[in-house]
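Letter by letter, the chains look like this.
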Amino acid sequence: MRSDQPGADGLHPLLAGRYSPTAFDPSAAVDDHALALLLEAARWAPSAGNSQPWGFLTTRPGEPEHARVLRHLAPSSTRWATGAGLLVVTLTRRHVGDPLFAYSEFADYDLGQAVAHLTLQAQAMGLAARQFRAFDLDGLTAELRPSPGWEIVSMVAVGRAAGLPAGPRTRRTVTDLRAAPWAPPA
Ligand SMILES: Cc1cc2nc3c(=O)[nH]c(=O)nc-3n(C[C@H](O)[C@H](O)[C@H](O)COP(=O)(O)O)c2cc1C
């Protein structure tokens, strides 16, 4: 666990210690119980109007979809995703079908929260996650053929991290988060 980020004092260890690994231990399997808990965490995320506009395809080494998903990854993500015990393809459904809430402008936002929940649950279980978009979206969509209305957004590699990040994690300052959206006083 990393807790050496400046300003992280007092931050919950799950948040302070989380990072996106660029190497996974290929010998560390994600078992059925762990997989169920990860999806359970995603399931309980908040969403606009409780629309829950998320969907997931999960696959682990040796399972039929694993090779079908892997072949659409970019070389950059293939390097580390191949060793992950679990790959998750995330999908969103922007037309959520509720009579009061037919189209959700928050669908991707909600999916992101569900993935954040999954990521922190992984961290709590001694696993780590790297979200990524370095794959051929059209190719993966043609391969997996999601149902009408569902769109692939991202992927997540989950497993036991092998080593720490190469360099320090960096972030904008809290001051900048609050100031950047606003024009300076005239
Ligand atoms: C939506 C999204 C897409 C990302 N896509 C990639 C990617 O294609 N390749 C990659 O190596 N990392 C990707 N990342 C990981 C980010 O680079 C990483 O989260 C960021 O550098 C911060 O590092 P940290 O998660 O360790 O704090 C992505 C993360 C998110 C949330």
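- As recorded by an unreviewed UniProt entry, the chain carries the name Nitroreductase and is attributed to Kitasatospora paracochleata.
- Of the comments in the UniProt record for the chain, the one headed Sequence similarities (unreviewed entry) reads "Belongs to the nitroreductase family."

**Considering unusual backbone geometry**
Now for step 1: With a phi angle near 55°, Asn-50 is a residue other than glycine that sits in the positive phi range.
Now for step 2: Note on placement: Asn-50 falls in the loop between helix H2 (32-43) and strand E1 (54-59).
Now for step 3: The phi torsion at Arg-145 lies on the positive side, around 50°, for a residue other than glycine.
Now for step 4: Residue placement: Arg-145 occurs in the loop between helix H6 (137-144) and strand E6 (150-159).

**Re the side chain of Ser-104**
Now for step 1: Tracing the backbone through its elements, the reader meets Ser-104 in the loop between strand E4 (101-103) and helix H5 (107-124).
Now for step 2: With relative accessibility at 1%, the residue Ser-104 sits in the buried group.
Now for step 3: At a separation of 3.3 Å, a polar atom in the side chain of Ser-104 contacts the main-chain amide nitrogen of Ala-107.
Now for step 4: Excluding its chain neighbours within four sequence positions, the residues that come into contact with Ser-104 are Ala-48, Ser-51, Arg-94, Val-96 and Asp-110.

**Remarks on H6**
Three or four residues apart is the spacing at which side chains of an α-helix point the same way, because the helix has 3.6 residues per turn.
Now for step 1: Taken as a whole, H6 has its buried residues at Gly-139, Leu-140 and Leu-144. Down the axis of H6, the buried side of the element spans an arc of 115°, and every buried residue falls inside it. Exposed residues lying more than 90 degrees from the buried face of H6 are Asp-138 and Ala-142.
Now for step 2: Here the buried face of H6 lies against E1, helix H3 (64-70), strand E2 (86-93) and E6.
Now for step 3: Sitting at the head of H6, Asp-136 places a side-chain oxygen 3.3 Å from the backbone nitrogen of Asp-138.
Now for step 4: In the segment just after H6, Arg-145 is the residue with positive phi, at about 50°.

**Considering H2**
Now for step 1: With 12 residues, H2 ought to run about 16 Å at 1.5 Å a step, and its terminal C-alpha atoms sit 16 Å apart, in line with that.
Now for step 2: Inspection of H2 places Ala-34, Leu-35, Leu-38, Ala-41 and Ala-42 among the buried residues, and these make up the whole buried set. Buried residues in H2, looked at end-on, bunch into an arc of 120°, giving them a common side. The exposed set on the far side of H2, more than 90 degrees from its buried face, consists of Asp-32 and His-33.
Now for step 3: Among the structural elements, E1, E2, H5 and E6 are those in contact with the buried residues of H2.
Now for step 4: For H2, the side-chain oxygen to backbone nitrogen distance between the N-cap and His-33 is 3.2 Å, and the N-cap itself is Asp-31.

What counts and what doesn't
- Residues numbered from 1 in each chain as written.
- Predicted model: local features only at pLDDT ≥ 70, side-chain atom pairs only at ≥ 80, totals over all residues.
- Heavy atoms only, no water.
- UniProt positions renumbered as here; feature names shortened; annotations may be inferred.
- Helix = DSSP H or I, 4+ residues; strand = E, 2+ residues; numbered from the N terminus.
- Buried < 20%, exposed > 50% of the residue type's maximum accessible area, 1.4 Å probe, protein only.
- Polar contact = N/O pair within 3.5 Å; in protein donor to acceptor, adjacent residues only side chain to side chain.
- Contact = heavy atoms within 4.5 Å.
- Arc of directions from axis to C-beta.
- Expected span 1.5 Å × (residues − 1).

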